[in-house]
Amino acid sequence: MLRLPVTVLPETFDADRGYPVDLHMHSTASDGTLSPTELVALCARRELSCIALTDHDTMDGVDEAARAAEYEGLTLVAGCELSTRWQGINIHVVALMPGGARGALAEGLKAQRQARIQRAEVIAERLEKAGLKDALAKARHQAGSDRPLGRPDFAKALVADGLVPDWASAFKRYLGSGKKGDVKAHWPEIGEAVGWVVASGGVAAIAHPLRYGLTRRKRGLLMDDFCAAGGQAAELVSGQQNADSSRDLARQLDERGLYASLGSDFHFPGSHAAPGSMSVIPRTAARPIWQHPRLAHLGDAPAGLLGIGA
Ligand code: AMP
Ligand code: MN
Ligand code: MN
Ligand code: MN
């Protein structure tokens, strides 16, 4: 059950415990370090009541997470975080799918899986030229499973080989925006990915809108295109962010009628972003995403049952 009265969310904020809602988190189905079961257990310990599993380009962890959520008595929204392109920039779209992966989104996720596999080969080729021998095998070793590879696996391989001292330098020198290993050509245009989500009964939200290095104006243009494609929401709060930026972002959402989502983007314990630990939502906030008609039943859904199998 989603227990909190949504309109009083800002007042319920507790700096130590954070929010009882977190709609952006990762598991071992992508680049997180906790299994879906471990992640849900952690959320239960942190007394969250409504969570979404949003692994990169896959919903493979959702069934396991839903079983764990049922056991722990909290509500799970099936989801994923889609890699897309907008004006040559890699933009992430969080898809909240109360009916699970089906239809156009299920097809889209198959394409994303292939894209990720092919992209890893290109990244590996480029990193080999930069001095990382057997890059693909080393990244696979770091991943520790057969899931499609992501840039973090290559970052770990670069560190393990001593080409860079740490993960941050790996992104700064090889994998971050505009660097050799930042391969985006395989991802669909944002409008196409939004189309999959909307056609499959879900709600699409621009992930962490403040993390793309866009000017305010350009962020507005992204939102305009996103809305035109049928996108319904954006993350108003992603992890820890500056209060003034949040208030300004709230205005940009309100101007376009976008619903406000929130999430920690949790990947692993020990990072600053624990499940439910987000900055305070500005009081000027746009409508919270769980008031979207497609998610309205979250309020009375039986624990663990959203997004299973359907
Ligand atoms: P990918 O999905 O393969 O494009 O990899 C993107 C993931 O890499 C993000 O979801 C983060 O987990 C991680 N990442 C991206 N940029 C950075 C960065 N600058 N520093 C550390 N991790 C990053
Ligand atoms: Mn990630
Ligand atoms: Mn992201
Ligand atoms: Mn994420």
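My aim in this report is to walk through the structure given alongside it, one point at a time.

Here is what the cut-offs are and how they apply
- Residues numbered from 1 in each chain as written.
- Chains lettered and ligands numbered in written order.
- Predicted model: local features only at pLDDT ≥ 70, side-chain atom pairs only at ≥ 80, totals over all residues.
- Heavy atoms only, no water.
- Donors = N, O, S within 2.8 Å, 3.2 Å for Na, K, Ca; no water.
- Core = buried A, V, L, I, M, F, W, Y, C linked by side-chain atoms within 4.5 Å.
- Buried < 20%, exposed > 50% of the residue type's maximum accessible area, 1.4 Å probe, protein only.
- Contact = heavy atoms within 4.5 Å.
- Near = heavy atom within 4 Å.
- Polar contact = N/O pair within 3.5 Å; in protein donor to acceptor, adjacent residues only side chain to side chain.
- Areas by Shrake-Rupley, 256 points an atom, 1.4 Å probe, with all protein chains shown as cover.
- Nonpolar A, V, L, I, M, F, W, Y, C, P; charged D, E, K, R; others polar.
- Domains from an automatic or database assignment.
- Helix = DSSP H or I, 4+ residues; strand = E, 2+ residues; numbered from the N terminus.
- Pairing = 2+ DSSP bridges.

A few points about the coordination of the manganese ion (ligand 4)
- Within the protein, the atoms that donate to the manganese ion (ligand 4) are His24 (NE2), His26 (NE2), Glu81 (OE) and Asp265 (OD), at distances of 2.1 to 2.2 Å.
- One chain supplies every donor for the manganese ion (ligand 4), spaced along it as H-x1-H-x54-E-x183-D.

Describing the nonpolar core
- Counting 69 residues, the largest nonpolar core has Leu23, Leu82, Leu105 and Ile289 as the members making the most contacts within it.
- Apart from residues lying up to four places away in sequence, Leu23 is in contact with Cys50, Ile51, Ala52, Thr54, Val77, Val94, Leu96, Ser261, Leu262, Gly263, Ile289 and Trp290.
- Counting 18 residues, the second-largest nonpolar core is a separate cluster that includes Ala120, Leu149, Ala157 and Val183.

Here we look at the site of ligand 1
- The immediate surroundings of ligand 1 are formed by Asp31, His56, Arg116, Arg119, Gly150, Arg151, Pro152, Trp167, Phe171 and His267.
- Note that a nitrogen atom of ligand 1 is positioned 3.1 Å from one of the side-chain N or O atoms of Trp167.
- A distance of 3.1 Å separates an oxygen atom of ligand 1 from a polar atom in the side chain of His267.
- If ligand 1 stood free it would expose 500 Å²; the protein chains cover 73% of that surface.
- Looking at the shell around ligand 1, its residues break down into three nonpolar, three polar and four charged.
- Taken domain by domain, the makeup of the shell around ligand 1 includes at least three residues from each of domain 1 (21–101 + 189–305) and domain 2 (111–175).

A closer look at unusual backbone geometry
- Positive phi is not limited to glycine here, since Glu47 has a value of about 60°.
- Relative to the helices and strands, Glu47 resides in the loop between α2 (36–45) and β2 (50–56).
- Its relative accessible area of 45% is what places Glu47 among the partly exposed residues.

Remarks on the sheet that holds strand β3 (residues 75–86)
- Sheet architecture is open: seven strands sit in the order β1-β2-β3-β4-β5-β6-β7, paired in mixed fashion. Two strands lie at the open edges of the sheet, namely β1 (21–22) and β7 (259–263), each paired on one side alone.
- For β3 and strand β4 (residues 89–96), the ladder comprises eight bridges, and the chain directions are antiparallel. Bridge pairing in β4 links Leu82 to Val93.

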